[in-house]
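Each chain, written out:
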Amino acid sequence: MGAWCGASIWTRLANRRSVNKKSPVWHDGEIELSLVHARSEHIAQETSHAWAKRMKVIIAGAGVGGLTLALMLKRRGIDTVIFEQASEVKELGVGINTLPIAIRELSEIDLLPSLDLAGIRTRELIYLNRQGQEVWRELRGIDGGHPLPQFSIHRGRLQKLLYDAVIDRLGPEAIQTGQRLSGILQDEGSVTVHVTSGSDGLSSRTVQGDVLVAADGIHSAARRLFYPKEGVPSWNGVMMWRGATAFEKYLDGRTMFIGGGMGAKFVLYPIADAGNGKMLTNWVVNVRVADGADQPPPKDSWSRRGRLDDVLPYAKRFAVPGIDIEALVRATDAYYEYPMCDRDPLPQWSFGRVTLLGDAAHPMYPVGSNGASQAILDARCLADALKFAEHPMQALFVYEKERLAKTAAIVKANRKGGPERVIDEVEKRAPAGFTDIDAVLSHEQRSAIIEAATGQRPVTDRDVTQARAVPSSKMHVA
Ligand SMILES: Cc1cc2nc3c(=O)[nH]c(=O)nc-3n(C[C@H](O)[C@H](O)[C@H](O)COP(=O)(O)OP(=O)(O)OC[C@H]3O[C@@H](n4cnc5c(N)ncnc54)[C@H](O)[C@@H]3O)c2cc1C
């Protein structure tokens, strides 16, 4: 087990969370949320950890973040119920990557075998310019020296394996589908959640718990309560077309390509074995179609089916050695359009007995494999905080303190391109391509750009070769 994510900061919590008996009401035509902040003087009276044993945590959203949290809380003996607005958990989306640091957490809840059945252990990541010339390559997961793998996996399959584990371990009642978070009322002793159901949203009921975790994604209803003026997500003007299809295996079947920088990018990686020498192969075409000053398309049109005439001309601008990109796109039955959106980092996630998690808390550009990974890390931190803190409000504060700044830094780094900024830098210096990459940017310079974005030195074949060349008597053991 890793260390608990934060220290005891009860006094500061009591100072910070002010008494507010007013009940701000938010109404946007769809839902109404009202909130009464918990009174901090009452909280101080409830100091025993015994509350954790009888605690009930309500989670809104059965995405990767919400489901992982439920499994982690179960491990810690804490009761949970999830309300999910969709009428069933379908395998939606296409490929995502999960970093070893997040896989470590899933492995601790015994999900490694299921991940191996559903996904691919990514071995190598190769960055290319648009012409298909190699800018950088690095080893990932266990091949890159981590104790656990990185997985490339279908987002819907990851969600489904988490969902199945929740049903198996917590029972079928633990996930209530077709139930939309529609209101929150909290006082010093509990939080009451209002959920609506039915196609008209007219059937409703209330459920009481000790804590509400809003893991309800980038359009989070709870976030809108606390930040009613925030408005729609911010869009950088880049449209993403995402698809996946069974396609001839390339290289070792475990290699990820990213070609081109922030303005125009092609991403390619296998996410499952499709049999007969084929792999379920995920592809993404990113193209700047607006200047970043525009509002994103309305949320109903996110994930709209893309049209071949729109995506193919863009896709054909990229080259990946040994891959017929046009054939790949043409072979794909359905692909979907998403605007590349995020939101500005927030000053606060936790309000009394309610907190935000995953994309609800820190939606970020899909750069550097962080979307699902950071939601999983949030879940681990929050589960520990709920288990060990002296009071639910303290737990939520400790969680926020540990996770908010870290994820805000990633949101900001991703706006600059994340580690993939190395491709932008090379394309800026050599827009028509190069004959010697080291003359454009040295190995050390490229490595430093990636390290600055991720906080970690990337591991290349060169490092592995050098490590092998060092006599074992001279090796340092960390
Ligand atoms: C349909 C879909 C497809 C996606 N496809 C991709 C992809 O192909 N590639 C990629 O990199 N990322 C994709 N993402 C984003 C990725 O899943 C997240 O960035 C990451 O996994 C973090 O997940 P999360 O649990 O915080 O949020 P999400 O995965 O967005 O899950 C949020 C959940 O909350 C539910 N919800 C929303 N509002 C309410 C409410 N009021 N009450 C109850 N439930 C509610 C949603 O239905 C959803 O199940 C997708 C997300 C969704 C929802």
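Residues numbered from 1 in each chain as written. Predicted model: local features only at pLDDT ≥ 70, side-chain atom pairs only at ≥ 80, totals over all residues.

Colleague: Looking at this structure, how should I read the site of the ligand?
Modeller: Near the ligand there are 29 residues, and of these Gly 61, Gly 63, Gly 93, Gly 217 and Gly 358 occur at the shortest range. Those elements that provide at least two residues to the shell around the ligand are helix 4 (64-75), strand 4 (79-84), strand 11 (179-186) and helix 11 (371-388). Residues that form the shell around the ligand fall into these classes: 14 nonpolar, nine polar and six charged. (Near = placed C-beta within 6 Å. Helix = DSSP H or I, 4+ residues; strand = E, 2+ residues; numbered from the N terminus. Nonpolar A, V, L, I, M, F, W, Y, C, P; charged D, E, K, R; others polar.)

Colleague: Hey, could you run me through the sheet that holds strand 9 (residues 150-154) in this one?
Modeller: Within a beta sheet, neighbouring strands are joined by backbone hydrogen bonds and run either parallel or antiparallel to one another. Strand order in the open sheet formed by three strands is 5-9-6, with antiparallel pairing between adjacent strands. The open sheet is flanked by strand 5 (95-98) and strand 6 (120-122), the only strands paired with a single partner. Shown here is a sheet whose adjacent strand axes are inclined to one another by a mean of 30°, direction ignored. In the packing of helix 7 (residues 155-170) onto the sheet, the strands contacted are strand 5 and strand 9, and the crossing angle to strand 9 comes to about 100°. (Pairing = 2+ DSSP bridges. Axes fitted to C-alpha atoms, helices over the stretch in contact; angles between N-to-C directions. Contact = placed C-beta atoms within 7 Å.)

Colleague: I'm lost on the packing of helix 4 against helix 7 in this one. Help?
Modeller: Packed helix pairs are characterised by how far apart their axes lie and by the angle those axes make with each other. One way to put it is that helix 4 packs onto helix 7 with a least axis distance of 9 Å and a crossing angle of 30°. Relative to helix 7, helix 4 is oriented roughly parallel. In terms of crossing hand, the pair formed by helix 4 and helix 7 is left-handed. Where helix 4 approaches helix 7, its residues Val 64, Leu 67, Thr 68, Ala 70, Leu 71 and Lys 74 are matched on the opposing element by Leu 158, Gln 159, Leu 162, Tyr 163, Ala 165, Val 166, Arg 169 and Leu 170. (Parallel < 35°, antiparallel > 145°, perpendicular 65-115°, else oblique. Left-handed = near helix turned anticlockwise from the far one by under 90°.)

Colleague: Please clarify how the packing of helix 4 against helix 11 should be interpreted in this entry.
Modeller: Here helix 4 crosses helix 11 at 30°, and the two axes come no closer than 8 Å. As for the relative orientation of helix 4 and helix 11, their crossing is right-handed in sense. Contacts between helix 4 and helix 11 involve Val 64, Gly 65, Thr 68, Leu 69, Met 72 and Leu 73 on the former and, on the latter, Ala 372, Ala 375, Ile 376, Asp 378, Ala 379, Arg 380, Leu 382, Ala 383 and Leu 386. For the contact of helix 4 with helix 11, a count of residues per class yields eleven nonpolar, two polar and two charged.

Colleague: Could you clarify how one ought to interpret the pairing of strand 17 (residues 264-275) in this entry?
Modeller: The two faces of the sheet receive side chains in turn, since in a regular strand these alternate between them. As paired strands, strand 16 (residues 255-259) and strand 17 are joined by three bridges and run antiparallel to one another. Residue pairing for strand 17: Ile 258 is matched across the bridge by Val 267. Linking strand 16 back to strand 17 in an antiparallel pair, the connection comprises four residues, with Gly 260 at a positive phi of about 90°. As paired strands, strand 17 and strand 18 (residues 278-288) are joined by ten bridges and run antiparallel to one another.

Colleague: Got a minute to help me understand the sheet that holds strand 7 (residues 124-128) in this structure?
Modeller: A sheet is described by the order of its strands in space; here eight strands give the open sequence 8-7-16-17-18-15-20-19, paired in mixed fashion. The open sheet terminates on both sides in strands that have one partner only, identified here as strand 8 (134-139) and strand 19 (304-305). Note that strand 15 (residues 234-248) and strand 20 (residues 335-342) share seven bridges and pair antiparallel. Each bridged residue has a counterpart across the sheet, and for Trp 235 the counterpart in strand 20 is Cys 341. Against the sheet, helix 13 (residues 421-429) makes contact with strand 7 and strand 8, and its axis sits at roughly 160° relative to strand 8, the strand it touches most.

Colleague: For this particular structure, what's the right way to read the environment of Lys 428?
Modeller: One can find Lys 428 in helix 13. Note on Lys 428: 10 C-beta atoms within 10 Å, which makes it exposed. Once the C-alpha coordinates of Lys 428 and Val 440 are considered, the two residues, twelve residues apart in sequence, prove to be 9.8 Å apart. (Buried ≥ 20, exposed ≤ 12 C-beta atoms within 10 Å, placed from the backbone.)

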